[in-house]
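# Coordinate analysis (summary)
So the chains spell out like this:
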Amino acid sequence: MAFLGRAVRRLVSEARPPLTPLCRTSSRSYSTEHTSEKSVPYEKTLKQEEGASTGPTKPLPRSADVVVIGGGSLGCQTVYHLAKMGMTNVVLLERDRLTAGTTWHTAGLLWQLRPSDVEVELLAHTRNVISKDLEEETGLHTGWIQNGGLFIASNKQRLDEYKRLMSLGKVYGIESYVLSPAETKDLYPLMNVDDLYGTLYVPKDGTMDPAGTCTTLSRAATARGATVIENCPVTGIQVRTDDLGIKKVKAVETAHGTIETPCVVNCAGVWATKFGEMAGVSVPLIAMHHAYVVTERIEGIQNMPNVRDHDASVYLRLQGDALSVGGYEQNPIFWEEVSDKFAFSLFDLDWDVFMQHIEGAINRVPVLEQTGIKSTVCGPESFTTDHKPLMGEAPEVRGFFLGCGFNSAGMMLGGGCGRELAKWIIHGRPEKDMYGYDIRRFHSSLTDNTRWIRERSHESYAKNYSVVFPFDEPLASRNMRKDPFHEVLTEQGCVFQERHGWERPGWFNKDGPAPVKDYDYYGAYNIRSNENYKYKKLLGKEYTFDFPPHHDVIKSECLSCRHDVAVFNMSYFGKFYLTGPDAKKAADWLFSADVNKKPGSTVYTCMLNKRGGAEADLTVSRLEPGAANLPLAPESDGDAYYLAIGGGVAEHNWNHIRTVLQDQGFRCQLTDHSEDMGMISIQGPKSREVLQEVLDTDLSNEAFPFSTHKLVNAAGYQVRAMRLSFVGELGWELHIPKDSCVPVYQAVMAAGAKHGIINSGYRAIDSLSIEKGYRHWHADLRPDDTPLEAGLAFTCKLKSSIPFQGRETLEKQKEEGLRRRIVCFTINEKVPMFGLEAIFRNGVPVGHLRRADYGFFVDKTLGYGYIRNPDGGVVSVDFIKTGEFMLERMGVAYKAKAHLKSPFDPENKRVKGIYE
């Protein structure tokens, strides 16, 4: 029998040989005391007996509305929810038996609290399905055990993170308690609490059983008319190209027949890349070994909660009268050659890699030192570049949906994600804001980039248990996309952020350059760690829930913009042209605002989904027809539009537009010139004086009014100038061909020197824009928010008769009144907020902040959040004015003032150049 404590001492005393780089798959045995037993700790698995029939368990139909590939958690949840929503001509194909591959050996933990409101809602639905719904529908028990969950904090920052989760949980009615070390010891007597700062206890967390859950889901789905076929491997996916050149799913091939279908859902986990290749779809995930060990019986462990000791990167899962011990290490093993024959198999455990978890587990529960290891479980799991799943319709092929890459959380997220995926398939979009999981969150240049997938997935795995700080940035696979200003701004101390592969300015360090270096895998795999890494050190100073050390630097950037002039590099923006015979029809349908003003106009607008939710906000400029002058103007003999879109969501926008054009049959061309142009924005009271020296055009209000654009010369180079602002000041954007970017920038800086011009970054933009009340898409404006709820009714052409996507929903909302709406809050205390803080009205939780920051001009913390009426009624102006509001930050409540308009320049004078 292997003993955990003896194993630790043995490995510590031996000289460990170095791990070979990245692809190690063999194990090193240090002692015969290590168990050779490999088996999961479940009473039942679905592995079929030797000699059992290997053919399909049911005849294949000739056609289906949807074919789901993969009978793990996500496949079963998706087919169940499709059937429940009335789509019964659905087939699930599993190459072996249900749960084969990765689901069968999962730890099956469910934690209700996450640092994301959407994930909290997804987890709540999973919990309802497995603990209540399925049993009511089938009379079968899924194996759900509600033994509670305990998060361990060994330092103040970790406990602060847990307090943030607790505050968010109050909005959703999730019971949780912050416990002292002594209270933790009372709850869990076997735990060592000497090094604890505190814990977070969630009594209704629990544990799921993979076989019980998946078989029950399968029975419930088939009872509603769905078909589940096991022992039927998929061998191919047929794709057709229609008359408009659009690729669409045609059929699924197996060794036992072909099923014609317009829709395939790839829920194949580790094997999802293979099925993507069959259809010409990139699936950016990677396979790794992921392990836990199962102990022998431990006296007194019965009924204890599951434990996550994030700082030790270890979890302890209750397994009857034993524990399963696992975690996330810095040096995971990549599974280089994914085998099709790996169904209910396990790898040998590499004790070199795993031992760090044993050490952490023994520290937390000392009795483990004298506890035997019953078995090891080391199986394959799929991991992604941001530790989030891959979902939604693939950009390459219509009708090819993804439901994979769940980073060991497929059981936990399965119910919520299965329901949203079903809605995605049936209605074209999910109900919740699933952008964080949508495959379209990644730029197409990255999804088949092996280096990016490998490096970023490693970092996400290694940091899975790290504190989620508001301003963290990845170190892996940086400098993938750089704009023309990158070098000159690096020299001036720019501390870059990464978005969509782009390096964009975050803030400017006064102590010189801090370039981003190549990824060092945090020193794993014998790769030498980067030394004297200034960027990493600056990033480390951000690891706080207080104001960061460079708070005053960001303040200076903001106030320079408010009082003088600042230049922002916004080159990462998406820059698209919409042209063609039906361009006007398409623009009317796509954009909520009336963008068909005269050429030379620029309009801020939303794009909506069919339910009226905001899929994007952007500016649309109407262009003069004429010959091509690329990249500044496309060829057009009719209507043409220039779309400028936040760069972090450009791929999402591109695909939304393209999908609408295809679905509506508009004859249009959408062209992408994002890489061909840079863009700088010059903002502040002195911006006109600076630019009047650089541009060859009159910049007066009369000659160049707000929301207009012109082709002009800047220091001898042609650019497109737009009078716009995203910070609430007088200012212009210059859209510049890439070869002209640096000389135009240098001319602007030279002209601005006497006016005190400075470089500013996106941290300043975040502060300035929230101070002004401008929205950030995917923060305080999302696909589950309508423009009316978001305070953007002015972007909707409801007074016209022009139809546009989502209009009917908005008209109904306007008639019935808003059941939720966005509100601005300020507090007097000088404490930072970042979003997710709970909003209380008269002592009752009514919502949470979506976005928060410090406003340096108003000298207050500001936050925006959507509130509801607890009675389910309309959220009227009177409801807001008569309420007493509190914002809860990390368990502490602060009195808040609600604002119906931005407290900064509510009359909107400054963007018009009126400074009093």
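As the structure is a computational prediction, the values presented were derived from the model and not from experiment.

Analysis parameters
Along each chain, residue indices are assigned from 1 in the same order as the chain's sequence is written. Totals for whole chains, interfaces and linings use every residue, but because this is a predicted model, local features are given only for residues with pLDDT of at least 70 and side-chain atom pairs only at 80 or more, for both listing and counting. In computing side-chain values, all of the structure's heavy atoms are included and hydrogens and water are not. Runs of E in the DSSP output that reach at least two residues are strands. Runs of H or I that reach at least four are helices, and both are numbered from the N terminus. In this treatment the radius of gyration is a C-alpha quantity, and the globule benchmark scales as 2.2 Å times the residue count to the 0.38 power. The cut-offs for exposure are 20% and 50% of the maximum accessible area for each residue type, with area from a 1.4 Å probe on protein chains only; residues under the lower value are buried, those over the upper are exposed, and the others partly exposed. Whether two residues touch is decided by their heavy atoms; if any such pair falls within 4.5 Å, the residues are in contact. Surface accessibility follows the Shrake-Rupley procedure with a 1.4 Å probe radius. Residue values consider only the protein chains on display as shielding. DSSP bridges decide pairing: two strands pair if at least two such bridges lie between them. Angles shown run from 0 to 180 degrees and are taken between the N-to-C directions of axes, each axis being a line fitted to C-alpha atoms and, for helices, limited to the stretch in contact. pLDDT is defined as a per-residue confidence score from the predictor, taking values between 0 and 100. In the sections that follow, a salt bridge refers to a side-chain nitrogen of Lys or Arg positioned within 4 Å of a carboxyl oxygen of Asp or Glu. Polar contact criterion, stated in full: a pair of N or O atoms within 3.5 Å, where within protein one must be able to donate a hydrogen and the other to accept it, and residues adjacent in sequence count only if both atoms are side-chain atoms.

### Focus on the overall build of the chain
Scanning the chain from N- to C-terminus turns up 20 helices and 39 strands. Its C-alpha atoms give the chain a radius of gyration of 28 Å, within 12% of the compact-globule value 29 Å for 916 residues. The principal-axis extent of the C-alpha atoms belonging to the chain is close to 85 × 65 × 55 Å. Across the 916 residues that make up the chain, the buried fraction comes to 62%. Here the analysis covers contacts within the chain between residues at least 6 apart in sequence; of these, 74% occur between residues at least 24 apart. Counting only carbon and sulfur atoms, one obtains 48% of the accessible surface of the chain, whose full area is about 33,600 Å².

### A word on the sheet that holds strand E11 (residues 247-254)
Reading across from one edge, E10-E11-E12 is the order of the three strands in this open sheet, with antiparallel pairing throughout. Strands with a single pairing partner mark the edges of an open sheet, and in this sheet they are strand E10 (234-241) and strand E12 (257-260). Here the average twist between neighbouring strands, direction ignored, is 25 degrees. In terms of strand pairing, E10 meets E11 through seven bridges, oriented antiparallel. From the neighbouring strand, Ile-237 faces E11, where its bridge partner is Val-252.

### Considering the pairing of strand E24 (residues 574-579)
Burial analysis of E24 places six of its six residues in the buried class, the great majority of the element. Along E24, one buried face is formed by Gly-574, Phe-576 and Leu-578 and the opposite face, lined by Lys-575, Tyr-577 and Thr-579, is buried too. Sheet topology note: the E24/strand E27 (residues 641-645) ladder contains five bridges and is antiparallel. Paired with Leu-578 across the bridge in E27 is Tyr-641. Alignment of E24 against strand E28 (residues 669-672), held across four bridges, turns out to be antiparallel. Paired with Phe-576 across the two strands is Asp-672, which belongs to E28.

### Describing the environment of Ile-680
Mapped onto the elements, Ile-680 comes out in strand E29 (residues 677-683). Measuring from C-alpha to C-alpha, the distance between Ile-680 and Glu-733 comes to 5.7 Å, with 53 residues separating the pair along the chain. Apart from the residues within four sequence positions on either side, Ile-680 is in contact with Phe-485, Val-567, Phe-568, Asn-569, Trp-732, Glu-733, Leu-734, Ile-736, Tyr-745 and Val-748.

### Things to note about the confidence of the model for the chain
In this model, the chain carries a mean pLDDT of 94, and residues with pLDDT of at least 70 account for 95%. Low pLDDT (under 50) marks residues 8-32, which in the prediction has 54 contacts with non-local residues, meaning those over four places away or in another chain.

### Remarks on the pattern of salt bridges
Under the definition given, this model contains 55 salt bridges. Asp-386 is the salt-bridge partner of Arg-441, the closest N and O atoms lying 2.8 Å from each other. With Arg-441 in the loop between helix H9 (410-427) and helix H10 (450-462) and Asp-386 in the loop between strand E18 (372-384) and strand E19 (390-393), this pair connects stretches of sequence that are 55 residues apart. Look at Arg-441 and you get buried, because its relative accessible area is 8%. Residue Asp-564 is joined to Lys-686 by a salt bridge in which the shortest nitrogen-to-oxygen separation is 2.8 Å. Here Lys-686 lies in the loop between E29 and helix H16 (687-692) and Asp-564 lies in the loop between helix H13 (551-563) and strand E23 (566-569), a separation of 122 residues in the sequence.

### Digging into the side chain of Ser-477
As for its placement among the helices and strands, Ser-477 is situated in the loop between H10 and helix H11 (486-491). Judged by its relative accessible area of 1%, Ser-477 falls in the buried class. Among the polar contacts made by the side chain of Ser-477, one reaches the main-chain carbonyl oxygen of Arg-451 at a distance of 3.4 Å. If we skip the residues at most four places from it in the chain, Ser-477 touches Arg-451, Trp-452, Glu-455, Arg-456 and Tyr-519.

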